[in-house]
Every structure is written in C-alpha cells, then in structure tokens.
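# Inside the fold
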Amino acid sequence: MDTGILLYGPPASGKDTVTAALTALDASYAPFARLKIGTGRTHGYRMGTRDQLAELEERGEVIYRNDRYDSTYVVDQPGLDMAMDGGQVPIVHLGQVEGVQRVADGYAARWWRVLLWCPRDVTALRSVGRGDADTPARLAAWDATERDLDLHPGVTWDLTIHTDRVQVQDAAAEIHALVWARS
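Described in the following lines is the structure provided in the data block. (Residues numbered from 1 in each chain as written. Predicted model: local features only at pLDDT ≥ 70, side-chain atom pairs only at ≥ 80, totals over all residues. Heavy atoms only, no water.)

## Some points on the sheet that holds strand β9 (residues 159-162)
Strand order in the open sheet made by the five strands is β2-β7-β1-β8-β9, with parallel pairing throughout. Sheet topology places β2 (29-31) and β9 at the edges, where each strand pairs with a single neighbour. Recorded for the sheet is a direction-independent mean angle of 25° between the axes of neighbouring strands. Relative to strand β7 (residues 89-94), strand β1 (residues 3-8) is paired through four bridges, and the arrangement is parallel. If you follow L7 over to β7, its bridge partner there is H93. The strands touched by helix α1 (residues 15-25) within the sheet are β1, β2, β7 and β8 (110-117), with β7 carrying the most contacts at an inclination of about 175°. Across the sheet, helix α4 (residues 97-106) touches β1, β7 and β8, and the angle it forms with β8 is around 165°. (Pairing = 2+ DSSP bridges. Helix = DSSP H or I, 4+ residues; strand = E, 2+ residues; numbered from the N terminus. Axes fitted to C-alpha atoms, helices over the stretch in contact; angles between N-to-C directions. Contact = heavy atoms within 4.5 Å.)

Put into structure tokens, the structure is as follows:
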C-alpha cells in the first residue's frame, strides 16, 4: 500500500525544515507540491490557473482545497498519483485539520499524521527571520490553527513534535522511525 505523511501545523512550525531533513535522511521521501492558484511565494508549489482548477473540480479530482493569503491551494488526485509513483513517500503540508482528514479519507494510502507545533512568539520570530513580508497574516493563521485544534479535540495524531524543543534532525528521525517501524 502507498504511504504518505501529512504534516500539520501553524506557519513557521517547521514543515519545510523537517521535510528537508526527511528528504536528506532517505531519498524515498518527497515533498508534495500542492497546486497553487494565485500570487506570492512559488517555491514548493505547482503553479496553476483558475481554468486548471475548474477542470480538476469538474472531474472530481480535487481532494482538498483551501483559500488563504489571497491564493487557492489544492491537493489533487493526479498530483498525489505522481507523488506516489515509484514507491515515493510524499510529505503533504496542511494547515487545516479538515485538510488532513480529507486527504486521509479521500486518497487510498497509509497516511501518517504528524502535528508540528511551536508557540506563537516562535512563529513570529521565525517568520521575521525568514523574511516573510506578511508576518501579521502568518500570526493570524497561527491563531486560526490553534482554534482549529480546539474545534477538533478528537483528532488523532500519530506523532506530535514541538519544534521549538527538538532539533530538526531529531524530529526527522522520529518521523522516519514511525513510518518505517509500522509500515
């Protein structure tokens, strides 16, 4: 059965950093590039158009979509099919519990659900440190993530990592051990 990792957490909780450490640890890991329709940051996304989105929706191939930062972000069936090709283990970044649930329920694979967490002030420092031009929006998203978790108290995480307390290599090693020990 195909395997994937769903990384959930607020902005600047370490999703990109942990993903980079995982891909350095084992070549079977691959960041999943969500389809993005909009402006701003392009690195790590497959840039698309409204027409492409409409076609995916028409064919029922949108597993999850969310709108944030004046853009639309999509986890799509064809994208996951490509990401799983050849036994790769895609790492999907999500900022909404609903997205985690929809991908886990909407795409047949063994999904490992990992919550990355850091305090709000750490998100602020990291956002400024990496040069985000929209730190206030990132902090609003942190607040939304906290509310999201409060609204979904029954959600089960396979692993929770406090990225302000754990070195990135240790976080990657924990995730790697989880995935391969139980797969």
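## Quick look at the pairing of strand β3 (residues 34-37)
Every second residue of β3 is oriented toward a common face, with R34 and K36 on one face and L35 and I37 on the other, all of them buried. As paired elements, β3 and strand β4 (residues 45-47) share three bridges and run parallel to each other. Directly across from L35, in β4, lies its bridge partner R46. With three bridges joining them, β3 and strand β6 (residues 71-76) adopt antiparallel strand pairing. Following the sheet pairing, L35 is matched in β6 by V74. (Buried < 20%, exposed > 50% of the residue type's maximum accessible area, 1.4 Å probe, protein only.)

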